[in-house]
Amino acid sequence: MRADEGFREFVGQHQRAWIRTAYLLTGDAHLAEDLLQSVLIKVLGKWSGLDQPDAYVRKALVNQYISWRRRPRREIPRAEPPDRSYTSEDTALTRLMVQRALMRLSPRQRAVIVLRYYEDRTERETAEILGCSLGTVKSQAHHALARLREFTGVLTDIEEARR
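Bear in mind the structure is a predicted one, so any value in this text is a computation, not a measurement. (Residues numbered from 1 in each chain as written. Predicted model: local features only at pLDDT ≥ 70, side-chain atom pairs only at ≥ 80, totals over all residues. Heavy atoms only, no water.)

*Asks:* For this particular structure, what's the right way to read the overall build of the chain?
*Replies:* Within the chain one finds eight helices and zero strands. Written out in order from the N terminus, the α and β elements of the chain read α-α-α-α-α-α-α-α. Sorting the 163 residues of the chain into buried and exposed places 37% on the buried side. Considering only residue pairs separated by 6 or more positions, the chain has 64% of its internal contacts joining residues 24 or more positions apart. When the accessible surface of the chain is split by element, carbon and sulfur atoms take 48% of a total near 10,600 Å². (Helix = DSSP H or I, 4+ residues; strand = E, 2+ residues; numbered from the N terminus. Buried < 20%, exposed > 50% of the residue type's maximum accessible area, 1.4 Å probe, protein only. Contact = heavy atoms within 4.5 Å. Areas by Shrake-Rupley, 256 points an atom, 1.4 Å probe, with all protein chains shown as cover.)

Next comes the structure, spelled out in structure tokens:
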């Protein structure tokens, strides 16, 4: 098997999970695709030397996202509603509240919440992906959950899912 075929197979196996992570970080389907594409271009160049490519891609997604957030923002008006809709009004409202609350967190806090609660990573895995200490993950998660409670005014789906 050629190296690029191995890369294609690898991407095919993990792409859905990565795009979900990218979406949760960016809050926008199109930006999520752009984020993942820019990361995969970089990963392809290093493909032959990677020991843990999935962990590398996830860390690169978070780092690239944080890097993008440091750049000046340009709002992009959209004429159409988001691609997905939800059948239940309550579910849609809850998702919207949580999504908007996530967008108000700092990039690092959002990354911790996405990795810990949406991807169900352990604190240790999250620390490794983010390249920080276990204590930093715990602290960021604590502060982020407090801010989410404050933003939504209710206990979020994230906390209920962890119980």
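There's plenty left to go through after this.
*Asks:* Where do I start with the nonpolar core in this structure?
*Replies:* In globular proteins that are soluble, nonpolar side chains generally tend to be buried together. Formed by 40 residues in total, the largest nonpolar core has its most connected members in W18, L61 and I113. At the level of secondary structure, the elements contributing two or more residues to this core comprise α1 (3-26), α2 (29-46), α3 (53-70), α4 (89-103), α5 (107-118), α6 (123-130) and α7 (134-152). (Core = buried A, V, L, I, M, F, W, Y, C linked by side-chain atoms within 4.5 Å.)

*Asks:* Help me understand unusual backbone geometry in this model?
*Replies:* Negative phi values dominate among residues other than glycine, just as trans dominates among peptide bonds. Positive phi, normally seen in glycine, also occurs at D120, with a value near 60°. Positionally, D120 belongs in the loop between α5 and α6.

*Asks:* Explain the side chain of E119 here, please?
*Replies:* With respect to the helices and strands, E119 occurs in the loop between α5 and α6. Contact partners of E119, with chain neighbours within four places excluded, come to A17, R20, T21, R58 and V114.

*Asks:* What is the right way to read the side chain of R58 from this model?
*Replies:* With respect to the secondary-structure elements, R58 resides in helix α3. A polar atom in the side chain of R58 sits 3.4 Å from the side chain of T21. Ignoring anything within four residues of it in the chain, the contact list for R58 reads A17, W18, T21, E119, R121 and I129. (Polar contact = N/O pair within 3.5 Å; in protein donor to acceptor, adjacent residues only side chain to side chain.)

*Asks:* Where do I start with α6 in this structure?
*Replies:* Each full turn of the α-helix corresponds to 3.6 residues, which orients residues three or four apart in the same direction. For α6, every residue scored as buried is listed here: T126, A127, I129 and L130. Seen along its axis, α6 keeps its buried residues to an arc of 165°; they face one direction. Structural note: α6 exposes R124 and E128 on the side pointing more than 90 degrees away from its buried face. Note on α6: the residue one or two positions beyond its end, G131, has a positive phi of about 70°. (Arc of directions from axis to C-beta.)

*Asks:* I'm lost on the pattern of salt bridges in this one. Help?
*Replies:* In total, this model carries four salt bridges according to the counting rule given. Here R58 makes a salt bridge to D54, at a shortest N to O gap of 3.4 Å. Of this pair, R58 and D54 both sit in helix α3, separated by four residues, roughly a single helical turn. A salt bridge links R121 to E119; its shortest N-O distance comes to 3.4 Å. (Salt bridge = Lys/Arg side-chain N within 4 Å of Asp/Glu carboxyl O.)

*Asks:* Even after reading the chapter, I still don't get the packing of α5 against α6, so can you show me in this structure?
*Replies:* Two numbers describe a pair of packed helices, the interaxial angle and the distance between the axes. One way to put it is that α5 packs onto α6 with a least axis distance of 10 Å and a crossing angle of 135°. What the angle tells us is that α5 and α6 run oblique. Two packed elements cross with a definite hand, and for α5 against α6 that hand is right-handed. Listed contacts from α6 to R108, A111, V112, L115 and R116 of α5 are E123, T126, I129 and L130. Class assignment of the residues belonging to the contact of α5 with α6 gives a composition of five nonpolar, one polar and three charged. (Axes fitted to C-alpha atoms, helices over the stretch in contact; angles between N-to-C directions. Parallel < 35°, antiparallel > 145°, perpendicular 65-115°, else oblique. Left-handed = near helix turned anticlockwise from the far one by under 90°. Nonpolar A, V, L, I, M, F, W, Y, C, P; charged D, E, K, R; others polar.)

*Asks:* How should I be thinking about the packing of aromatic side chains in this particular structure?
*Replies:* What characterises a pair of aromatic rings is the spacing of the ring centres plus the angle enclosed by the ring planes. Evaluated as defined, the whole model comprises three aromatic pairs. When the ring of F7 is compared with that of W47, the centres are 5.2 Å apart and the planes differ by 75°; the resulting orientation is edge-to-face. You can see F7 sitting in helix α1 and its partner W47 sitting in the loop between α2 and α3, a full 40 residues away along the chain. Comparing F7 with W47 shows no difference in burial state: the two are buried. Considering the side-chain rings of F10 and W47, the 5.0 Å spacing of their centres and the 40° angle between planes classify their relative orientation as tilted. Placement of F10 in helix α1 and of W47 in the loop between α2 and α3 is noted, with a sequence separation of 37 residues between them. With respect to burial, F10 and W47 carry one shared label: buried. Taken together, F7, F10, W18 and W47 form an aromatic cluster joined through their ring pairs. (Phe/Tyr/Trp six-rings, centres within 6.5 Å; stacked < 30°, edge-to-face > 60°.)

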